[in-house]
Amino acid sequence: MTISHAPPDLAAGLEKTPASGSRTSPDLEPIVPASVRRARLRSVPRWLRRTVGPLLLLALWQVFSATGVLHPDVLASPGTIARAGGDLIADGTPPAAMGVSLQRVAVGLVLGGVVGTALALVSGLSRLGEDLVDATVQMLRTVPWVGLILLFIIWLGIGEAPKVALIALGVAFHLYLNVYAGIRGVDAQLIEAGESLGLNRWGLVRHVVLPGALPGAMTGLRYSLATAWLALVFGESINADAGVGFLMNQAREFFRTDVIVVCLVVYAFLGLTADVIVRTLERLLLQWRPTFTGQ
């Protein structure tokens, strides 16, 4: 019986191969579940995560301005805008302009809110009211309400009245639509349950319909505030002698893009503050409503 010899290189490989039962397992990388990765991201403060996008935008803006890609006549750099804002604050101009603009928004919001909510209650709580009110409101809603500023100037003059009327009109439409939808979106079984408990019509409205329509009303309020600031921009751009829009018009005449951006930042700050107030009201008034807050 002859024994064949293995080639030298094969024999060396066999010598290096560990014996059976003593093989070493390959290196494995641990698998991190997606839930753990999300938990790590959630460990970062939320305010820090929310500032990533704006800070990145500011950085790109500054780089484009410094390299000449973005000409100063087109849009000033963030540094120039910050200096212009500091000069305006030192003069006390923004607080006075903000006070005038806030007064216009507040008056228009109150007037439009009362009118829109009242019409929504009449139309939402009664079929007769719906037949009398809803068709007219829906027809007027399709009219470009911003274009009515010229008619308001003819009817009301060039003072504060046309600006307030424009804001009130935009607010009234949004509140009407959302409050009406909230009333008509109340579950009919809740109405039947209230009737079985002996509630009269006013009791049903107070304890069932209005609380059920409150989420829609808060959504309408948020839309109304956004519309109010938009209407304010249009209103203050025509025949205004005070306010943030008046500063923007003056800056436009002198091609001061830095001052224009400062005024836009003021508008954004006022709108963001109003939205925070509405969110706080939602948390206080809608504690009974469980909602999905994201994962």
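(A) Main features of the overall build of the protein. Helix and strand counts for the protein stand at 13 helices and 0 strands. Mapped from its N terminus to its C terminus, the protein presents α and β elements in the order α-α-α-α-α-α-α-α-α-α-α-α-α. Across the 295 residues in the protein, those meeting the buried criterion constitute 31%. Excluding contacts between residues fewer than 6 apart, the proportion of contacts in the protein whose partners are at least 24 apart in sequence is 70%. When the accessible area of the protein is evaluated, it comes to approximately 19,600 Å², of which 67% is carbon and sulfur surface.

(B) Layout of the nonpolar core. Counting 48 residues, the largest nonpolar core has Ile167, Trp229 and Val244 as the members making the most contacts within it. Residue assignment for this core shows that the elements contributing at least two residues are helix H5 (78–91), helix H6 (93–125), helix H7 (127–141), helix H8 (149–156), helix H9 (161–184), helix H11 (201–236), helix H12 (244–253) and helix H13 (257–285). A total of 10 residues in this core trace back to one element, the largest contributor, which is H11. Apart from residues no more than four positions distant in its own chain, isoleucine 167 is found in contact with Arg104, Val105, Gly108, Leu109, Ala228, Ala231 and Leu232.

(C) Molecular detail of unusual backbone geometry. Unusually for a residue other than glycine, phenylalanine 255 sits at a positive phi of about 55 degrees. Relative to the elements of secondary structure, phenylalanine 255 occurs in the loop between H12 and H13.

(D) Seen up close, H5. In this model H5 runs 20 Å from its N-terminal to its C-terminal C-alpha over 14 residues, within 8% of the 20 Å that 1.5 Å per residue would give. Positive phi shows up at glycine 92, right after H5, with a value of about 80 degrees.

(E) Region of interest: the packing of H12 against H13. Contact geometry of H12 with H13 gives a least axis separation of 8 Å together with a crossing angle of 165 degrees. Taken together, the axis directions place H12 and H13 in an arrangement best described as roughly antiparallel. Seen from above, H12 lies across H13 with left-handed handedness. Facing H12, whose interface residues are Val244, Gly245, Leu247, Met248, Ala251 and Arg252, H13 presents Val259, Ile260, Cys263, Leu264, Val266 and Tyr267. In terms of residue class, the contact of H12 with H13 is built from 10 nonpolar, 1 polar and 1 charged.

(F) Representation of the pattern of salt bridges. On inspection of all chains with the given rule, the structure shows 6 salt bridges. With a closest N to O distance of 3.1 Å, arginine 222 and aspartate 275 form a salt bridge. Of this pair, arginine 222 sits in helix H11 while aspartate 275 sits in helix H13, placing them 53 residues apart in sequence.

(G) Just the layout of surface pockets, in detail. Of the pockets and cavities examined, the second largest pocket occupies roughly 470 Å³. Lining the second largest pocket are 19 residues, with Val261, Val262, Val265, Val266 and Phe269 sitting closest to its centre. For the lining of the second largest pocket, the elements supplying multiple residues, two or more each, are helix H4 (52–66), H5, H6 and H13. Here the lining of the second largest pocket gets 7 residues from one element, more than from any other, and that element is H13. Taken together, the residues that form the lining of the second largest pocket break down as 16 nonpolar, 2 polar and 1 charged.

(H) Representation of empty space enclosed by the protein within the structure. Summed over all chains, the structure comprises 1 cavity of 30 Å³ or more. Approximately 40 Å³ is the volume attributed to the largest cavity. As for the largest cavity, its lining consists of Leu88, Pro94, Ala97, Val244, Leu247, Val262, Cys263 and Val266. At the level of secondary structure, the elements contributing two or more residues to the lining of the largest cavity comprise H6, H12 and H13. Considering each element in turn, the lining of the largest cavity owes the most residues, 3 residues, to H13. A class-by-class count of the residues in the lining of the largest cavity yields 8 nonpolar, no polar and no charged.

(I) The arrangement of a nonpolar patch on the surface in detail. Together, Leu56, Leu60, Val63, Phe64 and Val69 give the surface a local cluster of nonpolar side chains, amounting to about 480 Å² of exposed area. Structurally, the position occupied by leucine 60 is in helix H4.

(J) Looking closely at H4. Between its terminal C-alpha atoms H4 stretches 21 Å, which fits the 21 Å expected from 15 residues at 1.5 Å a residue. Backbone geometry just downstream of H4 places glycine 68 in the positive-phi region, at approximately 85 degrees.

(K) Representation of the packing of aromatic side chains in the model. Counted by the stated rule, this structure contains 2 aromatic pairs. Look at phenylalanine 152 and tryptophan 155: their rings are 6.1 Å apart centre to centre, the planes differ by 55 degrees, and that puts the pair in the tilted class. Of the two residues, phenylalanine 152 and tryptophan 155 both sit in helix H8, 3 residues apart, roughly one turn of that helix. Residue phenylalanine 152 is classed as buried on the basis of its relative accessible area of 10%. Residue tryptophan 155 is classed as exposed on the basis of its relative accessible area of 58%. Their ring planes at 10 degrees and their centres at 5.9 Å tell us that tyrosine 176 and tyrosine 180 sit as a pair that is stacked. Of this pair, tyrosine 176 and tyrosine 180 both sit in helix H9, 4 residues apart, which is roughly one turn of the helix. Of the residues examined, tyrosine 180 reaches a relative accessible area of 14% and is grouped as buried.

Analysis parameters
- Residues numbered from 1 in each chain as written.
- Predicted model: local features only at pLDDT ≥ 70, side-chain atom pairs only at ≥ 80, totals over all residues.
- Heavy atoms only, no water.
- Helix = DSSP H or I, 4+ residues; strand = E, 2+ residues; numbered from the N terminus.
- Buried < 20%, exposed > 50% of the residue type's maximum accessible area, 1.4 Å probe, protein only.
- Contact = heavy atoms within 4.5 Å.
- Areas by Shrake-Rupley, 256 points an atom, 1.4 Å probe, with all protein chains shown as cover.
- Core = buried A, V, L, I, M, F, W, Y, C linked by side-chain atoms within 4.5 Å.
- Expected span 1.5 Å × (residues − 1).
- Axes fitted to C-alpha atoms, helices over the stretch in contact; angles between N-to-C directions.
- Parallel < 35°, antiparallel > 145°, perpendicular 65-115°, else oblique.
- Left-handed = near helix turned anticlockwise from the far one by under 90°.
- Nonpolar A, V, L, I, M, F, W, Y, C, P; charged D, E, K, R; others polar.
- Salt bridge = Lys/Arg side-chain N within 4 Å of Asp/Glu carboxyl O.
- 1 Å grid on protein atoms, 1.4 Å probe; cavity = no way out; pocket = protein on both sides within 12 Å on 5 of 7 lines; lining within 4 Å.
- Points joined across faces, edges and corners; volume = space filled by probe spheres on them.
- Patch = residues over 30% accessible without salt bridge, like charges linked within 9 Å, V, L, I, M, F, W, Y side chains within 5 Å.
- Phe/Tyr/Trp six-rings, centres within 6.5 Å; stacked < 30°, edge-to-face > 60°.

The quantities given are spatial measurements derived from coordinates; they are silent on function.
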